[in-house]
Amino acid sequence: MNASVEYIKNHQEKFLDELFKLLRIPSISADSQYKDEVRATADFVQAKLKEAGCDKAEICETPGHPIVYGEKIIDESLPTILVYGHYDVQPADPLDLWDSPPFEPVIKDGRIYARGACDDKGQFYMHVKAFEAMVANDELTCNVKFMIEGEEEVGSDNLGDFVKANKEKLKSDIIVISDTSMISNDCPSITVGLKGLSYLEVEVTGPNRDLHSGVYGGGVANPINTLCDMISSLMDDKGRVTIPGFYDKVVELTAQERADLNAAPFDEEDYKKDLDIAAVKGEDGYTTLERVGIRPTLDVNGIWGGYIGEGAKTVLPSKAYAKISTRLVPNQSSDEITELLVKHIENIAPDYVKVKVTPHHGGDPAVTPTDSKGYLAAAQAVEKAWGKKPIPTRDGGSIPIVALFNEELKVDSVLLGMGLDEDAIHSPNESYGVENYMKGIETISWFHQYFAETK
Ligand code: BES
Ligand code: MN
Ligand code: MN
């Protein structure tokens, strides 16, 4: 890999320039106003895959946003690496909290600021550039396939069908995904656990119209008050979810597994300081790392209703809404938990309101092995590029398709993510370190070499 690594070092400017072009296209999958931009991003990725050396690069239509597929098969007898990533991004709002416009990337203090800089444009593009370097220097050691989708941030609804319908095309020995984070650049880590997700929306209706809150208040239930009562009953004072059956399938970790998890460097004081909170909060009996990494959780993501304009309006609203999500751990099933949640919320609704529950997307939790060929090669590659042996960690985030890869393709995934918590993914001022981008490209090249070597 020496020539490729040299090539990578000499092409920083080109690699950044191309990433900037990719970051300038607002590929917001959740907002149908950006449909054309999402498509333009797919076209851009397709062109770049071709330029980098793919023999074939195509746009695969889905009922939603397209999937970009590319491949270079150099020798059927060599191992095949399937790269998965996503070119779509989260909405950029609240826009006024950005220090520079989200789709006009800039470098400040060694960091690239833009929506998608880390999640996941900057990260999946590392694979394209590592591939380019290896092709240009005739150092490719594996066949490579790329599957870059445009719907990850909205639940990968159409990718499952694509995977099921294209098992032969996606045949591979390992799936590599750079869409997670490390503990820090001084303490590199490899994610081995992702949470699942069940997400739903609740609509509570009280009276058939908005009412005067003095004339009717006290005599008629206020749907916002009622929704708040219902939500607060979903968790008890020990921080546990009260939905019957919610914990039935949760796998408890062994004392050793918990000790390993808690051995990761984590400073609770720094954590609180960074977030400007006086205290942490979570399920009794678990540390912060455990609460985030291995325990299922429930959160309200949004709540609205009534008057929220300037000044005060005395109103008893007709409707109230909330978006509620649960994060799931092995062996909880997203479909089962969604069903439990819907039933429970319908059950606890008092007779003075009507309630409508609508499930959104979901995904099952995933655990990736630490003894697979893929993990061992990834650990070697990280050590080579970062100078330290990585430690395995469990993340609270979700990549819905990982569980399905395992089930349908029967191939291990390795989560070779180079992000950091400070990258602020999904938040205003998302960024990605230039060092992480460049070292990530190098890490991926080493991964190709080590993976081809491990038998
Ligand atoms: N890349 C993230 C997931 C992630 C981030 C995993 C950091 C581990 C560490 C991914 O793009 C994401 O945001 N996933 C969504 C799920 C999706 C269904 C909207 C999430 O976790 O909220
Ligand atoms: Mn992502
Ligand atoms: Mn994301």
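Keep in mind it's a predicted model, so treat the numbers as computed, not measured.

Once that is clear, we can look at the overall build of the protein chain. For the protein chain, the count of helices and strands is 13 helices and 18 strands. Once the C-alpha set of the protein chain is aligned to its principal axes, its extents read approximately 80 × 50 × 45 Å. Here the protein chain holds 455 residues, and the buried ones make up 55% of them. Restricting to contacts in the protein chain with at least 6 residues of sequence separation, those with at least 24 account for 79%. Accessible surface for the protein chain amounts to roughly 20400 Å². Of this, 48% is attributable to carbon and sulfur atoms. Taking the average location of the 46 positive side-chain charges in the protein chain and that of its 76 negative ones, the two points are 2 Å from each other.

Before going further, it helps to examine the coordination of the manganese ion (ligand 3). Six octahedral donors around a metal ideally make angles of 90 or 180 degrees; four tetrahedral donors ideally make 109.5 degrees. At 2.1 to 2.6 Å from the manganese ion (ligand 3) lie its protein donor atoms, namely Asp-119 (OD), Glu-153 (OE), Glu-153 (OE) and His-426 (NE2). Coordination at the manganese ion (ligand 3) is irregular: its six donor atoms span angles of 55 to 155 degrees at the metal. For the manganese ion (ligand 3), all donor residues lie on one chain, and their spacing in sequence is D-x33-E-x272-H. If you look at the manganese ion (ligand 3) and the manganese ion (ligand 2), they sit 3.6 Å from each other and are both ligated by Asp-119. Here the residue Asp-119 occupies a position in the loop between strand S5 (111-113) and helix H4 (121-136), and His-426 occupies one in the loop between strand S17 (413-415) and strand S18 (431-433), the gap between them amounting to 307 residues. You can call Asp-119 buried: its relative accessible area is 6%. The class of His-426 is partly exposed, set by a relative accessible area of 39%.

Let us now look at the side chain of Ser-325. Note that Ser-325 resides in strand S13 (residues 319-328). Among the polar contacts made by the side chain of Ser-325, one reaches the side chain of Asn-301 at a distance of 3.0 Å. The contacts of Ser-325, once residues within four sequence positions are left out, are Leu-197, Ser-198, Tyr-199, Thr-297, Leu-298, Asp-299 and Asn-301.

Quick look at the sheet that holds S5 now. The strand order S4-S5-S18 describes an open sheet built from three strands, whose pairing is antiparallel. If you trace the sheet from one side to the other, it starts and ends with strand S4 (106-108) and S18, each paired once. Averaged over all neighbouring strand pairs, the angle between strand axes comes to 30 degrees, with direction disregarded. Note that S4 and S5 share three bridges and pair antiparallel. Across the sheet, residue Ile-107 finds its bridge partner in S5, namely Ile-112.

Moving on, we get to the site of ligand 1. Surrounding ligand 1, one finds 18 residues, the nearest of these being Glu-152, Asp-179, Arg-327, Ser-398 and His-426. Side-chain polar atom of His-86 to an oxygen atom of ligand 1: 3.2 Å apart, as the coordinates give it. A distance of 2.7 Å separates an oxygen atom of ligand 1 from a polar side-chain atom of Arg-327. Out of a free accessible area of 520 Å², ligand 1 has 90% covered by protein chains. Within the shell around ligand 1, the residues separate by chemical class into four nonpolar, eight polar and six charged. Both domain 1 (2-194 + 365-453) and domain 2 (196-250 + 296-363) contribute no fewer than three residues apiece to the shell around ligand 1.

All right, on to the pattern of salt bridges then. Inspection of every chain in the model, using the stated rule, returns 23 salt bridges. The partner of Glu-283 in a salt bridge is Arg-295, and the shortest N-O contact between them spans 2.8 Å. In this pair, Glu-283 sits in the loop between helix H8 (268-275) and helix H9 (288-293) while Arg-295 sits in the loop between H9 and strand S11 (297-305), placing the two residues 12 residues apart along the sequence. Grouping residues by exposure puts Glu-283 and Arg-295 together as buried. Among the charged side chains, a salt-bridge network with shared partners connects Lys-14, Glu-18, Lys-129 and Glu-132.

In any sheet, the strands associate via hydrogen bonds between backbone groups, in a parallel or an antiparallel arrangement. Strand order across the open sheet formed by four strands is S11-S13-S9-S14, with antiparallel pairing between neighbours. Unpaired on one side and paired on the other, S11 and strand S14 (354-363) mark the two borders of the sheet. For this sheet, the mean inter-axis angle between neighbouring strands, taken without regard to orientation, is 15 degrees. In terms of strand pairing, S11 meets S13 through eight bridges, oriented antiparallel.

Right, let's talk about the nonpolar core for a bit. Of all hydrophobic cores here, the largest spans 68 residues; its most connected members are Phe-146, Tyr-437 and Phe-447. Ranked by the residues each element gives to this core, the list is headed by helix H13 (residues 434-453), at 10 residues. Beyond its immediate sequence surroundings of up to four residues, Phe-146 is in contact with Leu-49, Cys-54, Val-68, Tyr-69, Gly-70, Leu-82, Val-83, His-127, Val-128 and Phe-131. Among the nonpolar cores identified, the runner-up in size contains 25 residues, and Val-204, Leu-234, Tyr-247 and Val-250 belong to it.

The space that makes up the second largest pocket amounts to roughly 410 Å³. Asp-335, Gly-362, Gly-363, Asp-364 and Leu-404 are the residues nearest the centre of the second largest pocket, which is lined by 23 residues in total. Looking at the lining of the second largest pocket, the elements that each hand over two or more residues are helix H5 (159-165), strand S9 (196-205), helix H10 (334-348), S14 and helix H12 (401-409). Broken down by element, the lining of the second largest pocket gets its largest block of residues, five residues, from S14. Taken together, the residues that form the lining of the second largest pocket break down as six nonpolar, 11 polar and six charged. Looking at which domains feed residues into the lining of the second largest pocket, each of domain 1 (2-194 + 365-453) and domain 2 (196-250 + 296-363) gives three or more.

Next up on the list: the packing of helix H11 (residues 373-386) against H13. It is the contact of H11 with H13, at a shortest axis distance of 8 Å, that shows an interaxial angle of 135 degrees. Considered as vectors, H11 and H13 are oriented oblique to each other. Where H11 crosses over H13, the two elements pack in a sense that is right-handed. Counting all contacts with H11, which are made through Lys-373, Gly-374, Ala-377, Ala-378, Gln-380, Ala-381, Val-382, Lys-384, Ala-385 and Trp-386, the residues of H13 involved are Glu-435, Asn-436, Lys-439, Glu-442, Thr-443, Trp-446, Phe-447, Tyr-450 and Phe-451. In terms of residue class, the contact of H11 with H13 is built from 10 nonpolar, four polar and five charged.

Rules behind the numbers
Residues numbered from 1 in each chain as written. Chains lettered and ligands numbered in written order. Predicted model: local features only at pLDDT ≥ 70, side-chain atom pairs only at ≥ 80, totals over all residues. Heavy atoms only, no water. Helix = DSSP H or I, 4+ residues; strand = E, 2+ residues; numbered from the N terminus. Buried < 20%, exposed > 50% of the residue type's maximum accessible area, 1.4 Å probe, protein only. Contact = heavy atoms within 4.5 Å. Areas by Shrake-Rupley, 256 points an atom, 1.4 Å probe, with all protein chains shown as cover. Lys, Arg positive; Asp, Glu negative; His and termini not counted. Charge placed at Lys NZ, Arg CZ, Asp CG, Glu CD. Donors = N, O, S within 2.8 Å, 3.2 Å for Na, K, Ca; no water. Tetrahedral: all angles 85-135°; square planar, octahedral: opposite > 155°, others 65-115°. Polar contact = N/O pair within 3.5 Å; in protein donor to acceptor, adjacent residues only side chain to side chain. Pairing = 2+ DSSP bridges. Axes fitted to C-alpha atoms, helices over the stretch in contact; angles between N-to-C directions. Near = heavy atom within 4 Å. Nonpolar A, V, L, I, M, F, W, Y, C, P; charged D, E, K, R; others polar. Domains from an automatic or database assignment. Salt bridge = Lys/Arg side-chain N within 4 Å of Asp/Glu carboxyl O. Core = buried A, V, L, I, M, F, W, Y, C linked by side-chain atoms within 4.5 Å. 1 Å grid on protein atoms, 1.4 Å probe; cavity = no way out; pocket = protein on both sides within 12 Å on 5 of 7 lines; lining within 4 Å. Points joined across faces, edges and corners; volume = space filled by probe spheres on them. Parallel < 35°, antiparallel > 145°, perpendicular 65-115°, else oblique. Left-handed = near helix turned anticlockwise from the far one by under 90°.

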